[in-house]
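The lines below spell out each chain.
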Amino acid sequence: MIPVEEVATNPVEPFLRMERIPHIWCPGCGIGTSVNSFTRALIESEADLNKIAIVSGIGCTGRVAGYMKLDSFHTTHGRAIPFATGLKLARPDLTVVVYSGDGDLFAIGGNHFIHAARRNIDLKVICVNNLIYAMTGGQAAPTTPVTAVSTTSPYGCYEPPFNLPYLAAAAGATYVARWTTFHVRQLARAMKEILRRKGFSFIEVISPCPTLYQRRNKMGDGLDAMKFYKEHSKVKNGAPTAEVGLDIAGDIIVGKFIEIERPSYADVMRHQLHARLGDRYACEEGAVCQ
Amino acid sequence: MTADPKGVLTGAHFLDGDQACTEGCLAAGARFAAGYPITPSTEIVERFAQRIPTVGGVFVQMEDELAASIAIQGAVWGGAKAFTVTSGPGFSLMMEHLGYAVMTETPCVLVNVQRGGPSTGLPTLPAQSDMMQARWGSHGDYEIIALSPSSPQECFDLTIQAFNLSEEFRVPVLLMMDECVGHMTEKVVIPEAEGIEIRPRRLTTLPPDQFTLYATNGDMVPDMVHAGMGYRFHVTGLTHDDRGYPAMTAQAQDKLIRRLKGKISTAAERIAFRDEEALDDAEVVVVSYGITARVAQRAIEDARRKGLKVGKLRLITVWPFPERQVRELAGRVKAFVVPELNMGQMALEVERAAGGRARTIPVPHAGGTVHQPADILRAIEEAAK
Amino acid sequence: MAKGSVSIIVERCKGCAFCVEFCPTKVLALSSAFNAKGYHPPHVVAPEKCSGCDLCGMYCPDFAIYGYKIGKKESEAAA
């Protein structure tokens, strides 16, 4: 007999497909924690939930779409962003969130990421970075730190990883932030900000992967990762993104690095077509022709 | 319903097959296209990019064919009718999302203006060598619908047909053109909008609390919803149950795959469009499609002048293959002659359907140009012996 | 008198202890008992200290716990 009060409701539940809970994520995985922040952001942004679509690729974080009680799309590996691009351009009235992992968004999907950022498609991209291909059993990813052991870098990784905020900023993202799953309130605030703003927005969420990343690197469990984030995260809002790369055991620079205004793809498209075609331009259905 | 006049360029025009395809897309109601340039298909989206701003819609040039073939599906789930176009190398990249459209039952149209392959092959010269890739190119078991036009007029007509079939069956439909038809310029007559029959999307009439994403009612095709309508649905490329939720069991796989295949295979006869001539007393039947059918036509006429009893079976629907018709013909003809711009692809299908009751004589051609009528005539004469 | 309380859905818990570690007022501890899946869920050891801040709910990756301010629970649950 466990002496606790049992109440089967929780403020995140209205946002989840409860018939699919418990989810598939491991004990100590941070993806569920990031979802808590996302649901708080949904509440606080006062968004119309019927007008939010969430698009995921493949992988552990790729399963987020399937758990959210929103219009949700679990697409192919790496292609969440181009799917979301088509959805957003066809339906400018929708808020389109891309929620996926580091391998999905930056290895197989890397090309799509940089082009969507370059075009400034109005997408809200949330990348849970667990530093590894977890769903497939712990292979080295483009984010795996140098010297980290994975199943495909059994003697330690010797590829330099991407610095995701630097990449995003260089490609043209108009909002770039990084938080860890320890920073639940800051993360929720950042998510709320990108839900409310226009333009290609990117949040990297550093997250524990006790089963596939930490175990092989003798980094303990999920809680150990969270304590590490607490002790080794340094908040530096506005930090130059070139300087926020990650080392295997180094400090984690977190904060909001970039927030700029730049006309979105759809805005520029409408402007250009109006300029050239005048009244002959028939704006796409549902769009505001300004 | 009939076509929205905004997209219909009514009148008699002098268009090549690529341009006629664009007009077919617009007439069919396509208001979204994503593409990546590749010869000899690019003119289709070039014309779309020029036309769509005044019709009302979006063209986006994506970073590759992987992106183009999934961007259109995002647009479809947002409510658009959408298509992409490509040729061999891009078609290979699109196979991933052909499978996604099959699995998620996303109606869309993929146009392949075929050129010589493998690999980069002959970018500017014709072939029909992706016919088996069209049928089997994506992994897993599925059925596909593919149409093959033989003229610019048919590029227009069959593009509309492709959209209509994609909406009726909720499948990706392939328009298998070739470089010759794509770049051949002829008279194309575009009717008045009210003369163009358009199959609307099968949207549910049920409210969200009574709606199940992949539940079927009557036929094997579920009704659809779009994002933003309040249904809060889930779409996945994983094997899924009627709710659209992942279902990792053999039972769920069996149920889903049988329905995805069955919705097309049970309708195969109804959608197997053909152009037939003189089959009643034929001893030899020339089976062809696309540009090759036009060369074959000349060979057939030459053979008839020589007194040979030659029939014509031109496949307009290539997939599903008209298996029953070929099987029946096999019982009463001597042979099938199958010219095509490949080393023998649809000929295999003819041979299979004939089941040994009539000879199948392929007339292979590696592509780069079309057959000489004499090559086909020789095969007809051989078949008639 | 505590300002808040927590609800724990024992069977969803996977025993990660995030809630225990990061509770600002140290209301929770892992139970020595097991749930049906074999994990040790948290239980309340200092109920009087709970502020109802819901940081436990923010951290819980398994949606198995949440905190609430006393007196506000019904209205929040209905929202």
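Residues numbered from 1 in each chain as written. Chains lettered and ligands numbered in written order. Predicted model: local features only at pLDDT ≥ 70, side-chain atom pairs only at ≥ 80, totals over all residues.

A. Up close: the sheet that holds strand β15 (residues 335-339) of chain B. All names here are of chain B. Read across the sheet, five strands follow the order β11-β13-β12-β15-β16 without closing on themselves; strand pairing throughout is mixed. In the strand order of this sheet, the two ends are held by β11 (274-277) and β16 (359-363), each with one partner. Across this sheet, the average inter-strand angle for adjacent strands is 20 degrees, counted without regard to direction. Inspection of the sheet shows β11 paired to strand β13 (residues 310-315) by four bridges, in the antiparallel sense. The residue of β13 that forms the bridge with Asp275 is Arg314. Sheet strands touched by helix α13 (residues 373-384): β12 (284-288), β13, β15 and β16. Its angle to β16, the strand with the most contacts, is close to 165 degrees. (Pairing = 2+ DSSP bridges. Helix = DSSP H or I, 4+ residues; strand = E, 2+ residues; numbered from the N terminus. Axes fitted to C-alpha atoms, helices over the stretch in contact; angles between N-to-C directions. Contact = placed C-beta atoms within 7 Å.)

B. A look at the packing of helix α3 (residues 80-90) of chain A against helix α3 (residues 65-78) of chain B. Here α3 of chain A crosses α3 of chain B at 40 degrees, and the two axes come no closer than 6 Å. The orientation of α3 of chain A relative to α3 of chain B falls into the category oblique. Here α3 of chain A and α3 of chain B pass one another in a crossing that is right-handed. Across the interface between the two elements, Pro82, Phe83, Ala84, Thr85, Gly86, Leu87, Leu89 and Ala90 of chain A of α3 of chain A pack against Ala67, Ile70, Ala71, Ile72, Gln73, Gly74, Ala75, Trp77 and Gly78 of chain B of α3 of chain B. (Parallel < 35°, antiparallel > 145°, perpendicular 65-115°, else oblique. Left-handed = near helix turned anticlockwise from the far one by under 90°.)

C. Focus on the interface of chain A and chain C. On the chain C side, the residues contacting the 30 residues of chain A number 27 residues. Breaking the side of chain A that touches chain C down by element, the ones donating at least two residues are α1 (31-45), α7 (184-196) and α9 (222-232) of chain A.

D. Main features of the interface of chain B and chain A. Between chain B and chain A, the residue contacts involve 40 residues of the former and 36 residues of the latter. Going through the elements one at a time, β2 (30-35), α2 (42-55), β3 (58-61), α3, α4 (88-104) and β10 (234-236) of chain B are the ones with two or more residues in the side of chain B that touches chain A. Looking at the side of chain B that touches chain A element by element, the count peaks at ten residues for α3 of chain B. In this structure, strand β2 (residues 71-74) of chain A lies alongside β10 of chain B, joined through three bridges in parallel fashion. By the bridge assignment for β10 of chain B, Phe73 of chain A is matched with Val235 of chain B.

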